[in-house]
Amino acid sequence: MPNARARFAALALFLPVCLPAYAAQNAPTDVRAIKQVVESFRTSLINKDKPTYMSLFFSDKPEDIGWQFVSEDVRLQDIRKAKPDAIKARQIPANNFIALIDGAIASSRPKEEKFSNAKIETDGDVASVSFDYSFHDDGVKTNWGKEMWQLIRTEQGWKIFSVVYSIRDSRSPAD
């Protein structure tokens with residue numbers, strides 16, 4: 001099949017030239033759209049807007065979305081005291097993306113997550129966002145850390161596929 005080999009060789013030469021050009025051409029649009037996802041996440045918590053919040057995720061099922069925090073050791077010891085049988089491999093039961101918005105809605109106090117030092121990387125189909133965050137309950141900073149999201153581009157726009165984050169609080173060695 002010399003024809004198939006020739007087409008493959010041409011494609012192999014063409015793709016490395018074409019794909020970076022596509023990514024570079026669309027990067028500003030993708031980055032703006034991803035920044036809008038981050039902002040919509042932030043404002044949906046403030047506004048207790050579950051429909052908007054849920055629309056930001058690839059799926060509405062907790063088992064389909066990676067959502068994991070890692071607690072620094074001092075905080076983890078306190079959690080293990082409170083839930084000794086539930087803590088395995090630093091996983092907290094009922095810790096998922098829906099629990100976050102439901103907790104904000106259930107509270108009479110305002111909740112806000114603030115982001116800084118955001119870095120976005122994308123090739124136009126997948127993206128990662130990393131940033132420093134701080135979580136505020138009724139205006140008081142209760143915890144902070146690093147947060148990293150993976151997003152995928154869908155026909156409905158950019159969607160969050162997974163979130164991992166660290167948690168530090170007043171018991172943490174460094175502020």
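Scope of this entry: the structure provided in the associated data block. (Residues numbered from 1 in each chain as written. Predicted model: local features only at pLDDT ≥ 70, side-chain atom pairs only at ≥ 80, totals over all residues. Heavy atoms only, no water.)

**Some thoughts on helix H3 (residues 73-82)**
- Within the span of H3, buried status applies to Arg75, Leu76 and Ile79. For H3, the angular spread of the buried residues around the axis is 100°, confining them to a single face. (Buried < 20%, exposed > 50% of the residue type's maximum accessible area, 1.4 Å probe, protein only. Helix = DSSP H or I, 4+ residues; strand = E, 2+ residues; numbered from the N terminus. Arc of directions from axis to C-beta.)

**Digging into unusual backbone geometry**
- For lysine 48, which is not glycine, the phi dihedral falls at a positive 55°.
- Position of lysine 48 relative to the elements: it lies in the loop between helix H1 (2-47) and helix H2 (50-55).
- Using a relative accessible area of 26% as the deciding quantity, one classes lysine 48 as partly exposed.
- Non-glycine residue asparagine 117 carries a positive phi angle of around 55°.
- With respect to the helices, strands and loops of the structure, asparagine 117 is situated in strand S2 (residues 111-122).

**Quick look at the sheet that holds strand S3 (residues 126-137)**
- Ordered by their spatial adjacency, 5 strands build an open sheet running S1-S5-S4-S3-S2, and the pairing between neighbours is mixed. Single-partner strands in this sheet number two, and they are strand S1 (66-71) and S2. Here the strands of the sheet are splayed against their neighbours by 25° on average, with no regard to which way each runs.
- One ladder, built from 10 bridges, connects S2 with S3; its direction is antiparallel. Its bridge partner lying in S3, lysine 111 is registered against aspartate 137.
- Running over the sheet, H3 touches S1 and strand S5 (157-167) and is turned about 105° from S1. (Pairing = 2+ DSSP bridges. Axes fitted to C-alpha atoms, helices over the stretch in contact; angles between N-to-C directions. Contact = heavy atoms within 4.5 Å.)

**Focus on the packing of aromatic side chains**
- This structure, assessed with the given rule, holds 15 aromatic pairs.
- Taking the centre distance of 6.2 Å and the plane angle of 55° together, the rings of phenylalanine 41 and phenylalanine 115 count as tilted. Note that phenylalanine 41 is positioned in helix H1 and phenylalanine 115 in strand S2, a separation of 74 residues in sequence.
- Classification of phenylalanine 41 as buried rests on a relative accessible area of 0%.
- Note on phenylalanine 115: relative accessible area 22%, which makes it partly exposed.
- Ring centres of phenylalanine 58 and phenylalanine 161 lie 5.4 Å apart, and the angle between their planes is 65°; on these two criteria the pair is classed as edge-to-face. (Phe/Tyr/Trp six-rings, centres within 6.5 Å; stacked < 30°, edge-to-face > 60°.)

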